[in-house]
Amino acid sequence: MTVRSEGYEVEHRTRSARGAAPGPTGTSGAHGHGGRGGYGYGEGGYGDGSGDGDPDARRLTLLMHAAFFLLLGASLARFLLRHPGEARTPWVIALSVALAVLYVLGPVLGSRPTPRNVVWLGVLVAVWMVLVVLAPSFAWCAVPLFYTGLRILPPRAALALVALLTVFVVAAQLRLAHGFDPNLVLAPPAVAAVATAVFVHMQRQAARQRALSERQGELIGDLLRTRRELAATERREGTLAERQRLSMEIHDTLAQGLSSQQMLLQAADRTWDADPATARRHVRTATGIAERNLAEARRFVHDLAPADLAEGGGLEAALHALAARETAQAQGRLTVRCHVEGERHTALPDRVQSALLRIAQGALANVREHAHATEAALTLTHLDDRIVLDIADNGRGFTPAGRTGATGGVRGHGLPAMRARLHQLGGTLTIESAPGEGTVLSAAVPLTPAPAPAPEDPA
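Counting from 1, residues in each chain are numbered in the order their sequence is written. Side-chain atom pairs in this predicted model are given and counted only at pLDDT of 80 or more, local residue features only at pLDDT of at least 70, and totals for whole chains, interfaces and linings cover all residues. To obtain the side-chain values, all non-hydrogen atoms of the structure were included, while hydrogens and water were left out.

### Here we look at the overall build of the protein chain
Piece 1. Each helix is a run of H or I in the DSSP string that is no shorter than four residues. Each strand is a run of E no shorter than two, and both are numbered from the N terminus. Along the backbone of the protein chain there are 14 helices and 5 strands.
Piece 2. Three exposure classes are used, based on accessible area relative to the maximum for each residue type with a 1.4 Å probe and protein chains only: buried under 20%, partly exposed in between, and exposed over 50%. Put simply, the protein chain has 459 residues, and 43% of those count as buried.
Piece 3. Contact definition: two residues touch when any of their heavy atoms are within 4.5 Å. Within the protein chain, counting contacts between residues at least 6 apart in sequence, those at least 24 apart form 68% of the total.
Piece 4. Residue-level accessible areas treat just the shown protein chains as cover; the underlying method is Shrake-Rupley with a 1.4 Å probe. Roughly 23,600 Å² of accessible area belongs to the protein chain as shown, and the carbon and sulfur atoms make up 61% of that amount.

Next comes the structure, spelled out in structure tokens:
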């Protein structure tokens, strides 16, 4: 008899492990620790083909059903072998068939805690209890019923059902033992408690995993939305930066040229009758400026690069050409010289060359229109870590603070545009001037040092 009780315990533990194992794998629908009071009743359970999209869950569900019918068949076979021809045998056979049919109805009804499912579970447990009374060996089928109750009923009702089933199991084992055995009294409740605790723990862990998955999904959605918003913001900032750059390009080229043409044509109109030769000279100079503006406009359409740089020769050649052109256009009123100091160690980026040339053009336009200077000098200095462009004139000068503070009106875009260009390159703009002492404007741009050449292999 002791062998039978030990066999029950072993089978009980085996069934507990089998019944508890599907918990985490069927978390997608079978045993969710939902908000309706049960240990879990998702869209599917052990009894209704849970986890249609999870092959492991389907296999575990089939294993659970197979284990129940195996235990039921083994219990019936044992009874028929031990008690053939007794008066209760037909009842035991009929109740065994009824229990099997009722259990098969479980997958059809599903695992939700509906009144129909509760009635089904009650009838199933009642039939099992009658069987246990008639044949104590059917107590082995209690473990699948543990998990069926835990899966369908609310927590307190499920625990009450487990306790009731455990009492019947203990009573059945004591009947089989024909005497009191402490092991038979303590082992079934202990196994039932462990199995229930494992089941509940797995359900709660599955609920936490689902909550974590949902939270991760929300975080991923927030991240993707943030990335889209950041990309849109960067596109807007890029568009604004390009508009600002284009406005500075137009100011330093077309606007300055048109302003010079206006001044020359106005001067020609005033002197047309009194000094036709001078008026024609002004018109020719304005025509030359218009040609340069046309070239700049075409360059804008092509690739927005300065026309002087596009002609080749680099920044030095472009500054020399600019100085010669400004001197020729001034017709003796202004002489512009260009000097280059130091040796260029690395090729200047196109952005740096373009920015310094535009700054030189804008500065000389201010000298021509506002400074009343007779001499100006462009000095390009190559240093190890930066390149510096100085524009100096001997004009009437101004107070830098007052000048920068009164940038309103049409003519106030020059110095802010220069600072914006240099700021984009990490450079600085310095202005030194005083009334009657001329002006020195210095633009410095840092250079990224070139990587040191690799040593030659002596071999």
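More follows now that the structure is in view.
### A look at a nonpolar patch on the surface
Piece 1. Patches were defined on residues exceeding 30% relative accessible area and lacking a salt bridge, with like-charge contacts within 9 Å and nonpolar side-chain contacts (Val, Leu, Ile, Met, Phe, Trp, Tyr) within 5 Å. Basic side-chain nitrogens of Lys or Arg form a salt bridge, by our definition, when they fall within 4 Å of a carboxyl oxygen of Asp or Glu. Nonpolar side chains collect at one region of the surface, where Leu80, Ile93, Val97, Val101 and Leu105 lie side by side and expose about 380 Å² of accessible area between them.
Piece 2. Per-element tally for the nonpolar patch: the top contributor is helix α4 (residues 89-109), with 4 residues.
Piece 3. Within the secondary structure layout, leucine 105 lies in helix α4.
Piece 4. Of the residues examined, leucine 105 reaches a relative accessible area of 38% and is grouped as partly exposed.

### Here we look at the pattern of salt bridges
Piece 1. According to the stated counting rule, one finds 7 salt bridges in the structure shown.
Piece 2. For the salt bridge of glutamate 218 with arginine 215, the shortest nitrogen-to-oxygen distance reads 3.4 Å. Of this pair, glutamate 218 and arginine 215 both sit in helix α8 (residues 182-271), 3 residues apart, roughly one helical turn.
Piece 3. You can call arginine 215 partly exposed: its relative accessible area is 44%.
Piece 4. For arginine 386, the salt bridge is made with aspartate 385, and the minimal N-O distance between the two is 3.3 Å.

### Some words on the packing of helix α6 (residues 142-152) against α8
Piece 1. As a packed pair, α6 and α8 sit with axes 11 Å apart at the nearest point and diverge in direction by 40°. The way α6 lies across α8 gives a crossing that is right-handed. For the pair formed by α6 and α8, the contact residues are Phe146, Tyr147, Leu150 and Arg151 on the first element and Ala192, Ala195, Thr196 and Phe199 on the second.
Piece 2. Of the residues contributing to the contact of α6 with α8, the split by class is 6 nonpolar, 1 polar and 1 charged. For helices, the axis comes from a line fit to the C-alpha atoms of the stretch in contact; other axes are also lines fit to C-alpha atoms, and the angle between any two N-to-C directions lies between 0 and 180 degrees. When the near helix sits turned anticlockwise from the far one by under a right angle, the crossing is termed left-handed; a clockwise turn instead gives a right-handed crossing. Each residue is assigned to one of three groups, with Ala, Val, Leu, Ile, Met, Phe, Trp, Tyr, Cys and Pro labelled nonpolar, Asp, Glu, Lys and Arg labelled charged, and all others, Gly among them, labelled polar.

### Regarding a positive patch on the surface
Piece 1. Note on charges: Lys and Arg go in the positive column, Asp and Glu in the negative column, and His and the chain ends are not counted at all. Where a charge sits is defined by one atom per residue type, namely NZ (Lys), CZ (Arg), CG (Asp) or CD (Glu). A surface patch of like charges, here positive, comprises Arg280, Arg281, Arg284 and Arg333.
Piece 2. Checked against the element boundaries, arginine 333 lands in the loop between α11 (314-330) and β1 (335-341).

### Some points on the nonpolar core
Piece 1. In plain words, nonpolar cores are sets of buried Ala, Val, Leu, Ile, Met, Phe, Trp, Tyr and Cys residues tied together by side-chain atoms within 4.5 Å. Ranked by size, the top nonpolar core spans 40 residues in total, and within it Leu99, Trp128 and Phe138 carry the most contacts.
Piece 2. Those elements that place two or more of their residues in this core are α3 (55-82), α4, α5 (115-134), α6, α7 (155-177) and α8.
Piece 3. A per-element tally of this core places α5 first, with 9 residues.
Piece 4. Core analysis: the second largest hydrophobic core is formed by 38 residues, Val336, Leu415, Ala443 and Val445 among them.

### Notes on the environment of tryptophan 272
Piece 1. The topology assignment puts tryptophan 272 in the loop between α8 and α9 (276-302).
Piece 2. Judged by relative accessible area, tryptophan 272 falls into the partly exposed class, the value being 42%.
Piece 3. Along the primary structure tryptophan 272 and histidine 282 are separated by 10 residues, whereas in three dimensions their C-alpha atoms are 9.9 Å apart.
Piece 4. Non-local contacts of tryptophan 272, meaning those with residues more than four positions away in its chain, are made with Ala279, Arg280 and Val283.

### Brief notes about unusual backbone geometry
Piece 1. Not every positive phi belongs to a glycine, and glutamine 331 is a case in point at roughly 55°.
Piece 2. By the secondary structure assignment, glutamine 331 is in the loop between α11 and β1.
Piece 3. Phi is positive for histidine 372, close to 55°, though the residue is something other than glycine.
Piece 4. We classify histidine 372 as exposed; its relative accessible area is 60%.

### Comments concerning α11
Piece 1. The span expected for a helix works out to 1.5 Å for each residue beyond the first. Taking 1.5 Å as the rise per residue, α11 with 17 residues should run 24 Å; its terminal C-alpha atoms sit 25 Å apart, in good agreement.
Piece 2. Among the residues making up α11, those that are buried are Gly314, Leu315, Glu316, Ala318, Leu319, Leu322, Ala323, Arg325, Glu326, Gln329 and Ala330.
Piece 3. Remark: glutamine 331 follows α11 within two positions and exhibits a positive phi of approximately 55°.

### Section: the side chain of serine 96
Piece 1. Tracing the backbone shows serine 96 in helix α4.
Piece 2. For serine 96, a relative accessible area of 3% translates into the label buried.

### As for the sheet that holds strand β5 (residues 439-446)
Piece 1. Read from one edge of the open sheet, 5 strands run β1-β2-β3-β5-β4, paired in mixed fashion. The strands lining the two open edges of the sheet, one partner per strand, are β1 and β4 (428-433). Pairwise comparison of adjacent strand axes, ignoring direction, gives a mean angle of 10° for this sheet.
Piece 2. In short, DSSP must find at least two bridges between two strands for them to pair. The sheet contact formed by strand β2 (residues 375-382) and strand β3 (residues 386-393) spans 7 bridges and is antiparallel. Within β3, the residue paired with histidine 382 across the bridge is isoleucine 387.

### Brief notes about the confidence of the model for the protein chain
Piece 1. Every residue carries a pLDDT, the predictor's confidence in it, which falls somewhere between 0 and 100. Summary statistics for the protein chain give a mean pLDDT of 76 and a share of 77% for residues scoring 70 or more.
Piece 2. Mean pLDDT across the secondary structure elements of the protein chain bottoms out at helix α1 (residues 2-20), with 36, and peaks at β2, with 95.
Piece 3. When the criterion is pLDDT under 50, residues 402-412 qualifies, and its contacts beyond four places in sequence or with other chains add up to 13 contacts.
Piece 4. Below a pLDDT of 50 lies the segment residues 450-459, which in the model reaches 1 contact outside its immediate sequence neighbourhood of four places, other chains included.

### Observations regarding the packing of α11 against helix α12 (residues 350-371)
Piece 1. Running from amino to carboxyl end, α11 crosses α12 at an angle of 15°, the nearest separation of the two axes being 10 Å. One way to sum up the angle between α11 and α12 is to call them roughly parallel. Seen along the crossing, α11 lies across α12 with a hand that is right-handed. Across from Gly314, Leu315, Ala318, Leu319, Leu322, Arg325 and Glu326 in α11, the residues of α12 making contact are Gln353, Leu356, Leu357, Ala360, Gln361, Leu364 and Arg368.
Piece 2. Classifying every residue of the contact of α11 with α12 by side-chain character gives 8 nonpolar, 3 polar and 3 charged. If an angle is under 35 degrees, it is roughly parallel; if it is over 145, roughly antiparallel; if it lies from 65 to 115, roughly perpendicular; otherwise it is oblique.

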